[in-house]
Amino acid sequence: MRYLNVVFLVLVMFLAACSSEEQPETYSMILVSDEENLSGEFTKYIGNNVIEYEHITSLKAALEKYPKYDIEKAPAILIFKNNGGELKKLELKTYDMEEAKDWLEDNQ
């Protein structure tokens, strides 16, 4: 019986240590652009910390789908903290593609 208690205690400690490891932040990215070549430039970031990606091909469609983010022009990139598939917090909104790439590089 004592052996089972020790095994159980070791198992609980192992599970607690595994669950306490800090998980990396994950992000959702929305690209608003009618230029297909921009899509290719950003898909390379998908899979590490960017777990969701959406390419909206018109400013009008982006404004209809995401009116509260006041997207002024295209191309635009919006990056959100991801919360289990939901857009949690806007981390970056930019019209400068190089700024978006730098941000993605820094947050991988």
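Residues numbered from 1 in each chain as written. Predicted model: local features only at pLDDT ≥ 70, side-chain atom pairs only at ≥ 80, totals over all residues. Heavy atoms only, no water.

Undergrad: I'd like to hear about the overall build of the protein, residue by residue, with values.
TA: Looking only at helices and strands, the protein has four helices and four strands in total. Listing each helix as α and each strand as β along the protein from the N terminus yields α-β-α-β-α-β-β-α. Residue burial in the protein is summarised as follows: out of 108 residues, 29% are buried. Taking as baseline every contact in the protein between residues at least 6 positions apart, the subset at least 24 positions apart corresponds to 51%. Here the protein has roughly 7300 Å² of accessible surface; of this, 52% comes from carbon and sulfur atoms. (Helix = DSSP H or I, 4+ residues; strand = E, 2+ residues; numbered from the N terminus. Buried < 20%, exposed > 50% of the residue type's maximum accessible area, 1.4 Å probe, protein only. Contact = heavy atoms within 4.5 Å. Areas by Shrake-Rupley, 256 points an atom, 1.4 Å probe, with all protein chains shown as cover.)

Undergrad: Help me get a handle on the side chain of S39, residues and values and all.
TA: Take S39: it is sitting in helix α2 (residues 36-42). For S39, a relative accessible area of 12% corresponds to the buried category. Only 3.1 Å separates the side chain of S39 from the side chain of Y53, close enough to count as a polar contact. In contact with S39, not counting residues within four places along its chain, are L31, Y53 and H55. (Polar contact = N/O pair within 3.5 Å; in protein donor to acceptor, adjacent residues only side chain to side chain.)

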